[in-house]
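Structural overview for review
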Amino acid sequence: MPQQGNKLEAGFTRYPLSQFKYHRMIQGISREEFSGQTVITCNLHAKILSEWLQDHVVHETIVLPGAAQLEMAVSAGLRVFSTIPAVSAQQARSLVRLSGFTITAPVIVADCNAGSVPTSLRCVVEDSGEITIYGDHAADVAHERLQHARGIWIAEVDPHTFWAEVTATAKASIKQLSASCKVADPKQLYRDLASGGLQYGPKFRLLENVRFQDNVCVCIISLRDKERAAEYLIPPAIIDVMLQACSVLVAGNIDGSPTHPQVPFSFDEVSVQPSALASMWSADQCTCVVNLIHTQKGMTVFNSTLLTHTGIVIMHMKGIYTRSMGTEDLTAHEVSKALYIVDHCYH
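Since the structure is predicted, the reported quantities are computational estimates derived from the model, not experimental observations. (Residues numbered from 1 in each chain as written. Predicted model: local features only at pLDDT ≥ 70, side-chain atom pairs only at ≥ 80, totals over all residues. Heavy atoms only, no water.)

**Things to note about the nonpolar core**
In a soluble, globular protein the nonpolar side chains are often hidden away together inside. Among the nonpolar cores identified, the biggest contains 88 residues, and L44, L64, L70, M315 and M317 are the most heavily contacted of them. Considering each element in turn, this core owes the most residues, ten residues, to helix α2 (residues 66-81). Aside from chain neighbours lying at most four places away, what touches M315 is L70, I234, I239, M242, V270, S271, V272, S304, T305 and L306. (Core = buried A, V, L, I, M, F, W, Y, C linked by side-chain atoms within 4.5 Å. Buried < 20%, exposed > 50% of the residue type's maximum accessible area, 1.4 Å probe, protein only. Helix = DSSP H or I, 4+ residues; strand = E, 2+ residues; numbered from the N terminus. Contact = heavy atoms within 4.5 Å.)

What follows is the structure in C-alpha cells.
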C-alpha cells in the first residue's frame, strides 16, 4: 500500500478519464512509466472562476484557497491509488488520508475573464505516495516550475477504529457547549475578515450559525450550492469554511480583540471518508467542529471536523497551521521560507 518510503507494485497504466467520477480540477491524467509518476493537469479557466474561485480574494488579489490545493491533492491520490490491486475498493471508500501537506507558495490566479491566460497547475503523484502541486507559468524563474504544495499519501490499517475515535471526539466537543455559550454573527465575521484583507464572496459565505465556548467552536454550514457536489470530492468552499470558523476562537484568545485574517500553510493529517459523502448532500446543512490547540499573535494551530446532519464524519483535519498573510507574500515570486518555519509541537 502507498506510504512514505515504500514503492508501489508495478502495473500502472494510462488512465482513461471515463473511468472516474468527473472532477472540475482534474482535467488531464497521464502516466510517465520511467519516472514512476502520474501527472494531473488543471487550468483555472473562466468557468471555475465564475463558479466559485473569483469569490476568494486576498488583499484585492484572486488567490486559489489552500483548501482547493488540499482537495486537489486528496482527489488526485484517490484517483491514482484506488486503481491498483494493493488498495482495495473498500479501503478507498472508507478512508483517504494525506499526511504532512504543506503549502509552500500561494497560487495567484490570473483573471482570464479579463483576457489573461488561465493559471495552470500540475499535480504530480509519485509511486512512493508523494504528491506535489506545481505551477506551470511562463514567469517561473529559469523556466523551473514553482512548487505550491506537497504531501504524502498514506494508508490506514483500521479505518473503523479511526473514524469511531474521531466521531467520539467531535460529539464530545458538541456536548461540551453549554447553554451559556457565545453566539457569533456570521455576517459580522465576514465583515471583520474583509476589513483585514480576506474578502469572501457569496460562494464562500456558507456559515449560518456559530456557537463557541473556551477552545471549541461548532458551526452550521450551508450546502445550498449543490451543483458543486458532482464536481469535487468535497467542494473547496466547504473545506475553506472549516478553516474560517477558527477565526472566532482566535479573536477570543488574543487579548479579546480581532486579529488579522490568517491562511493555512500546513496540515499534519487530512482524512476523508468518501463513502459518507452522498449522505452529506441529502441535507441542506452540515456541521463543523473546531478544536483550538494553540494560538499566538499571527499563528494558530487547530483541528477541524466535518459531519453530516446525522453525525457521520466526512472529513477530519488534524494539526492545521495558519498564519497571517500580507500583501508582500502575494507580490513575491516565492513566499519567504521563514513564513513556513514552525515547530509542530502543539498536537
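**Focus on helix α6 (residues 236-244)**
Judged by how many residues are buried, α6 sits mostly within the fold: nine of nine residues are covered. Buried residues of α6: P236, A237, I238, I239, D240, V241, M242, L243 and Q244, and no others.

**With respect to the environment of W163**
On the secondary structure map, W163 appears in helix α4 (residues 159-176). With a relative accessible area of 6%, W163 lands in the buried category. Residues W163 and L95, 68 residues apart in the sequence, show an inter-C-alpha distance of 8.6 Å. In terms of polar contacts, W163 uses its side chain to reach the backbone carbonyl oxygen of S94, at 2.7 Å. (Polar contact = N/O pair within 3.5 Å; in protein donor to acceptor, adjacent residues only side chain to side chain.)

**Details of α4**
The end-to-end C-alpha distance of α4, which contains 18 residues, comes to 26 Å, matching closely the 26 Å that a straight helix rising 1.5 Å per residue would cover. P159, F162, W163, V166, T167, A170 and S173 are the residues of α4 that are buried. Seen end-on, α4 carries its buried residues on one side only, within an arc spanning 125°. Within α4, the exposed residues directed more than 90 degrees away from the buried face are H160, E165 and K175. (Expected span 1.5 Å × (residues − 1). Arc of directions from axis to C-beta.)

**So, the pairing of strand β1 (residues 28-32)**
Two strands pair when backbone bridges link them, and β1 and strand β2 (residues 37-44) are joined in this way by five bridges, in the antiparallel orientation. Pairing of G28 across the sheet is with T41, part of β2. Taken together, β1 and the strand that follows it, β2, pair antiparallel across an intervening segment of four residues, in which G36 is found at a positive phi of about 70°. (Pairing = 2+ DSSP bridges.)

**Some thoughts on the packing of aromatic side chains**
With the rule as written, the count across this model stands at eight aromatic pairs. Ring plane angle 50° and centroid distance 6.2 Å describe the contact between F101 and F267, whose orientation is recorded as tilted. Taken together, the residues span a long stretch of sequence, with F101 in strand β5 (residues 96-103) and F267 in strand β14 (residues 262-272) at a distance of 166 residues. An identical accessibility class is assigned to F101 and F267; each is buried. The rings of W52, Y190, Y200, F204 and Y232 are connected pair by pair, giving a single aromatic cluster. Positioned above the aromatic ring of F162, the side-chain terminus of R97 is 4.3 Å from the ring centre. (Phe/Tyr/Trp six-rings, centres within 6.5 Å; stacked < 30°, edge-to-face > 60°. Lys NZ or Arg CZ within 6 Å of the ring centre and 35° of its normal.)

**What to know about the packing of α2 against α6**
It is the contact of α2 with α6, at a shortest axis distance of 8 Å, that shows an interaxial angle of 125°. Considering their axes alone, α2 and α6 lie oblique with respect to each other. In this structure, α2 meets α6 at a crossing whose hand is right-handed. Contacts between α2 and α6 involve A67, A68, L70 and E71 from the first element and P236, I239 and D240 from the second. Of the residues that constitute the contact of α2 with α6, the class distribution is five nonpolar, no polar and two charged. (Axes fitted to C-alpha atoms, helices over the stretch in contact; angles between N-to-C directions. Parallel < 35°, antiparallel > 145°, perpendicular 65-115°, else oblique. Left-handed = near helix turned anticlockwise from the far one by under 90°. Nonpolar A, V, L, I, M, F, W, Y, C, P; charged D, E, K, R; others polar.)

**Looking at the sheet that holds strand β3 (residues 56-58)**
The antiparallel open sheet is built from four strands, whose spatial order is β6-β4-β3-β11. Of all the strands in the sheet, just β6 (107-108) and β11 (198-200) have a single pairing partner and so form its edges. Here three bridges tie β3 to β11, and the two strands are oriented antiparallel to one another. Residue pairing across strands places V57 opposite Q199, the latter belonging to β11.

**Some details on the confidence of the model for the protein**
Of all residues in the protein, 78% have pLDDT values of 70 or greater, and the mean over the chain is 83. For the protein, the element scoring lowest by mean pLDDT is helix α9 (residues 328-331), at 60; strand β13 (residues 216-222) scores highest, at 97. Note that pLDDT drops below 50 for residues 332-347; the model gives that stretch 38 contacts with residues more than four away or on any other chain. (pLDDT = per-residue confidence, 0-100.)

**Observations concerning the side chain of Q262**
For Q262, the position within the fold is in strand β14. A residue is classified by how much of its surface remains accessible, and Q262, at 16% relative accessible area, is buried. At a separation of 2.9 Å, a polar atom in the side chain of Q262 contacts the side chain of T300. One polar contact links Q262 to T322, side chain to side chain, over a distance of 2.6 Å.

**Topic: the pattern of salt bridges**
One pass over the full model with this rule turns up eleven salt bridges. Connected via shared salt-bridge partners are R24, E51, K203, D225, E227, R228 and E231. (Salt bridge = Lys/Arg side-chain N within 4 Å of Asp/Glu carboxyl O.)

**Quick notes on the pairing of strand β12 (residues 207-213)**
Note that strand β10 (residues 182-184) and β12 share three bridges and pair antiparallel. Along β12, the bridge assignment pairs K182 with F212. As judged from the six bridges shared by β12 and β13, these two strands associate in the antiparallel manner. Within the sheet, the bridge partner assigned to L207 lies in β13 and is I221.

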